[in-house]
Amino acid sequence: MSSSIPSPAARPRGLRRPVWLSDPKVLRTEVLAGLVVALALIPEAISFSIIAGVDPAIGLFASFTMAVTIAVVGGRPAMISAATGAVALVIAPLNREHGFGHLVAAVILAGVFQIVLGALGVAKLMRFVPRSVMVGFVNSLAILIFMAQVPEMTGVPWPVYPLLAAGLALMVFFPKVTSVVPAPLVSIVILTVVTVAAGIAVPTVGDKGELPSSLPVPGLPDVPFTLDTLTTVAPYALAMALVGLMESLMTAKLVDDITDTHSSKTRESVGQGVANIVTGFFGGMGGCAMIGQTMINVRVSGARTRLSTFLAGAFLMVLCVVFGPVVSDIPMAALVAVMVMVSVGTFDWHSVAPKTLKRMPAGEITVMVVTVACVVATHNLAIGVVVGSLTAVVIFAKRVAHRAEVTAVTDPDGTSVVYRVTGELFFASSNDLVGRFRYATDPDRVVVDLSGAHIWDASSVAALDAVEAKYAQRGKSVEIIGLNEPSARMHRTLSGELTGGH
């Protein structure tokens, strides 16, 4: 007798059982990964709260609500969203000048902007980010993660250094013994037990700030609901929305590459907006994808599902509210060791190997270096990606511009000349097109053959109009032939219209 229950593969996508429900090994991996990420989130969230000028509990609440919400509505499974430094830098001036109520209002409005941008298809812009920018993004991310740990390794008691070395050694060698328990979790537990049992005085998580003792409660931002408030918070909200989407989409693409899977960038964009709206109503400072913690979750711990993201947020609140005194005793050296390993593992060492650099085109190396330099200088990944992409566009335009060639063949009887134009005609290549013709010495009939070319923009049509005008001034006729359909359509539409007919 055949069963009427469809197999998991045959069920509709929305009805399939999560893999962690049927595979205990996956469940263990996801749970332990969520716990490790939660431990690593605590000092980061507190630090970003300080940057934004708010109470540490605000950053922790934001990390909790962002992670739990994005686990449900986000488009990239296993990616961690929480309070981030980029968002903190954007909204810090607003909090400083207008108060916490305006900050919360900006977070909610930023979420609305992200939903609108996501619905309008802003995620499709990711296809225009070149690979060299992506490599620069990854490498600069690794550098920023490491740089963020430097203050925790300077001007500290000497026991920090052996603890740090021990943490690194545990994470390198413990996986050779077993991979059942994540090495970062083992390192954190062992170093905490050692420091507490031996009474070693080193900086701890508790030194970063007081952990919350209760869950956040929803409420409206304490601001007057007026047009003046809207005009005050809107610029900050838009900046936060753009920065948050940029970092989140870049991180999602990075996780796609690591896991060899595809994710919905549009759903992720809208999900980030929903998560920020929820976070704002719970009094959080907002956030976006958290790249360092995502690398801990995906690359170090091996998580692949939404469960790890949800549990990272849930464990974060449990650790703060229920186990606050224990968590406060975790030495910062243990968490710093985890982040140092993440930075080393994130950096694309192959991209800077001498063998790779010798083979890589100079333009690609330039784009990568510019991206890294901008990110490290500004501590803003979004700025680096934008500047790197613009640099890539300029280099590409310069390279393609030289591929537009003009060759002339005069008929034996000398009554006509055929100019064959090949290559891509756009603003960079068509600007010098006008100077490639012999107006004074050519015969009365001139043919411009564009069968080997393509017209991309109005600049190219204007250049062809200028060529025709210069021949017309000398009483000579010009015939343009060989246009492909898109080029012919653009030429028919714009020819004679770009200079008022003159």
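No experiment lies behind these values; they were computed from the predicted model shown.

Undergrad: When you look at the pairing of strand β6 (residues 477-481) in this model, what are you seeing that I'm missing?
TA: The side chains of a regular strand alternate between both faces of the sheet. As paired elements, strand β5 (residues 445-455) and β6 share five bridges and run parallel to each other. The residue of β6 that forms the bridge with Arg-445 is Ser-477.

Undergrad: I'm lost on the sheet that holds strand β3 (residues 405-410) in this one. Help?
TA: Paired through backbone hydrogen bonds, the strands of a sheet run either parallel or antiparallel to each other. Taken in spatial order, the four strands of this open sheet run β3-β4-β5-β6, and their pairing is mixed. The outermost strands of the open sheet, each flanked by one partner alone, are β3 and β6. Strand-to-strand twist across the sheet, computed as the mean angle between neighbouring axes with direction ignored, equals 20 degrees. The sheet contacts of helix α19 (residues 458-473) involve β4 (416-425), β5 and β6, and relative to β5 the element is tilted by about 175 degrees.

Undergrad: Which parts of the structure should I look at to understand the packing of helix α8 (residues 183-198) against helix α14 (residues 332-346)?
TA: Each pair of packed helices gets described by two things: the angle between the helix axes and the distance between those axes. Following both chains from N to C, one finds α8 and α14 inclined at 160 degrees, their axes separated by 9 Å at the closest point. Classified by the interaxial angle, the pair formed by α8 and α14 is roughly antiparallel. When the axes of α8 and α14 are compared, the crossing they make is right-handed. Contacts from Pro-184, Ile-188 and Leu-191 in α8 reach Ala-334, Leu-335 and Val-338 in α14. For the contact of α8 with α14, the residue count by class is six nonpolar, no polar and no charged.

Undergrad: What is the right way to look at α8 in this model?
TA: An ideal rise of 1.5 Å per residue puts 22 Å on 16 residues; α8 measures up with 22 Å between its terminal C-alpha atoms. Turning to α8, its buried residues are Ala-183, Pro-184, Leu-185, Val-186, Ser-187, Ile-188, Leu-191, Thr-192 and Thr-195. Check the buried side of α8 and you find it contacts α2 (24-52), α7 (160-177), α11 (291-300) and α14. Within two residues after α8, Gly-199 carries a phi angle of roughly 65 degrees, on the positive side.

Undergrad: Can you walk me through the environment of Gly-286 in this structure?
TA: Along the chain, the position of Gly-286 falls in the loop between α10 (265-281) and β2 (288-289). On the accessibility criterion, Gly-286 (0% relative accessible area) is buried. Measuring from C-alpha to C-alpha, the distance between Gly-286 and Met-66 comes to 7.5 Å, with 220 residues separating the pair along the chain. Filtering out sequence-adjacent residues up to four positions away, Gly-286 remains in contact with Ala-62, Ala-82, Ala-83, Val-87, Val-107, Met-240, Asn-276 and Thr-279.

Undergrad: For this particular structure, what's the right way to read the pattern of salt bridges?
TA: Opposite charge on two side chains lets them pair, provided their charged atoms get close. Following the criterion strictly, the structure yields nine salt bridges and no others. Arg-436 is paired through a salt bridge with Glu-405; the nearest N and O atoms lie 3.8 Å apart. Linking Arg-436 in the loop between α18 (427-430) and β5 with Glu-405 in strand β3, this pair joins segments that are 31 residues apart in sequence. Look at Arg-436 and you get partly exposed, because its relative accessible area is 32%. The class of Glu-405 is partly exposed, set by a relative accessible area of 39%. The partner of Arg-420 in a salt bridge is Asp-449, and the shortest N-O contact between them spans 3.1 Å. Here Arg-420 is found in strand β4, whereas its partner Asp-449 is found in strand β5, with 29 residues between them in sequence. One connected set of salt bridges, linked through shared partners, spans Arg-76, Asp-256 and Lys-265.

Criteria and cut-off values
Residues numbered from 1 in each chain as written. Predicted model: local features only at pLDDT ≥ 70, side-chain atom pairs only at ≥ 80, totals over all residues. Heavy atoms only, no water. Pairing = 2+ DSSP bridges. Helix = DSSP H or I, 4+ residues; strand = E, 2+ residues; numbered from the N terminus. Axes fitted to C-alpha atoms, helices over the stretch in contact; angles between N-to-C directions. Contact = heavy atoms within 4.5 Å. Parallel < 35°, antiparallel > 145°, perpendicular 65-115°, else oblique. Left-handed = near helix turned anticlockwise from the far one by under 90°. Nonpolar A, V, L, I, M, F, W, Y, C, P; charged D, E, K, R; others polar. Expected span 1.5 Å × (residues − 1). Buried < 20%, exposed > 50% of the residue type's maximum accessible area, 1.4 Å probe, protein only. Salt bridge = Lys/Arg side-chain N within 4 Å of Asp/Glu carboxyl O.

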